[in-house]
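Listed below are the residues making up each chain.
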Amino acid sequence: MSVFLAILLASAGDLPQNLQDSEAPEPKTQGFVRVRGGVWASRGFDFEAVRSTGAQVSTSGEMLGSAALDFGVSIRERALIFVSAEAGSGSGLDARVAGLYLGIRERIKPPYPPAMPHEITAYAGALWGQIEARDDAFGKFDDTWGFGGGLEFTWFLSRHWALSVIGEYRLMRFKYQEDVVSGETELGGSGAWAGASLELRF
């Protein structure tokens, strides 16, 4: 993420001339693909339970490193829809998340003030996820549906390339399948995803 931010700040005051000066409207329909990297954090990832067999299971840590690939399209310049496929890992856990999002983009008109975002996007959508422990003796969790919604601040590197900083709220609860005599029966809950993306528009 620090590499993304360094590139972003270095390029903020040196945008291509056609972006700084042009008032030409964006295409009515525009596709995009982007890669995201960041951290998914939740207190609910700190899990501890005693099973009916007497075995004690636990995780340590509240963060999963995350990488994702998004595909989408913007419609009539502002509305957008996109799908996301994400993998996360950390605290002895591996997660897979898929999402379908709707959003609204607001572009700031040039000339762009230095270091200020050139575009702001708000979005929300439905998530589906799986999570599992790397240790088979830990037990399994049910797949789940959840919610995600966030804000994205974008800086253009050229007409087709952009860097973004993203913050997202998530609500996903994974029910523990094993019989528990004490401790927690769910993993996850309210959390946040934060990171950056590199995007290609076409």
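Residues numbered from 1 in each chain as written. Predicted model: local features only at pLDDT ≥ 70, side-chain atom pairs only at ≥ 80, totals over all residues. Heavy atoms only, no water.

### Comments concerning the packing of aromatic side chains
According to the stated counting rule, one finds eleven aromatic pairs in the structure shown. On the numbers, 5.1 Å between centres and 85° between planes, the contact of Trp40 with Phe45 is edge-to-face. For the pair Trp40 and Phe45, one class covers both residues: buried. Between the aromatic rings of Phe82 and Tyr101, the centroid separation amounts to 4.8 Å while the plane-to-plane angle is 20°, which identifies the pairing as stacked. Of this pair, Phe82 sits in strand β5 (residues 79-90) while Tyr101 sits in strand β6 (residues 93-107), and the two are 19 residues apart along the sequence. Here Phe82 matches Tyr101 in class, with each residue buried. Within the aromatic cluster, the residues linked to one another by ring pairs are Phe32, Phe82, Tyr101 and Tyr123. Note that Arg34 overlies the ring of Phe82, its terminal NZ or CZ placed 5.0 Å from the centroid. (Phe/Tyr/Trp six-rings, centres within 6.5 Å; stacked < 30°, edge-to-face > 60°. Buried < 20%, exposed > 50% of the residue type's maximum accessible area, 1.4 Å probe, protein only. Helix = DSSP H or I, 4+ residues; strand = E, 2+ residues; numbered from the N terminus. Lys NZ or Arg CZ within 6 Å of the ring centre and 35° of its normal.)

### What about a nonpolar patch on the surface?
Among the surface-exposed residues, Val35, Leu69, Phe71, Ile75, Ile81, Val83, Leu100 and Leu102 lie close enough to one another that they form a single nonpolar patch of about 660 Å² accessible area. Elements represented by at least two residues in the nonpolar patch include exactly β4 (63-75), β5 and β6. Counting residues per element, the nonpolar patch draws most heavily on β4, at three residues. The topology assignment puts Val83 in strand β5. Residue class for Val83 comes out partly exposed when judged on its relative accessible area of 41%. (Patch = residues over 30% accessible without salt bridge, like charges linked within 9 Å, V, L, I, M, F, W, Y side chains within 5 Å. Areas by Shrake-Rupley, 256 points an atom, 1.4 Å probe, with all protein chains shown as cover. Salt bridge = Lys/Arg side-chain N within 4 Å of Asp/Glu carboxyl O.)

### Points about unusual backbone geometry
The residue after Pro110, namely Pro111, is reached through a cis peptide bond having omega 5°. In this fold, Pro111 is placed in the loop between β6 and β7 (119-133). Positive phi outside glycine occurs at Ser91, with the angle close to 60°.

### Here we look at a negative patch on the surface
Together, Asp46, Glu48, Glu62 and Glu184 give the surface a local cluster of negative charge. Counting through the fold element by element, Glu48 comes out in strand β2 (residues 48-51). (Lys, Arg positive; Asp, Glu negative; His and termini not counted. Charge placed at Lys NZ, Arg CZ, Asp CG, Glu CD.)

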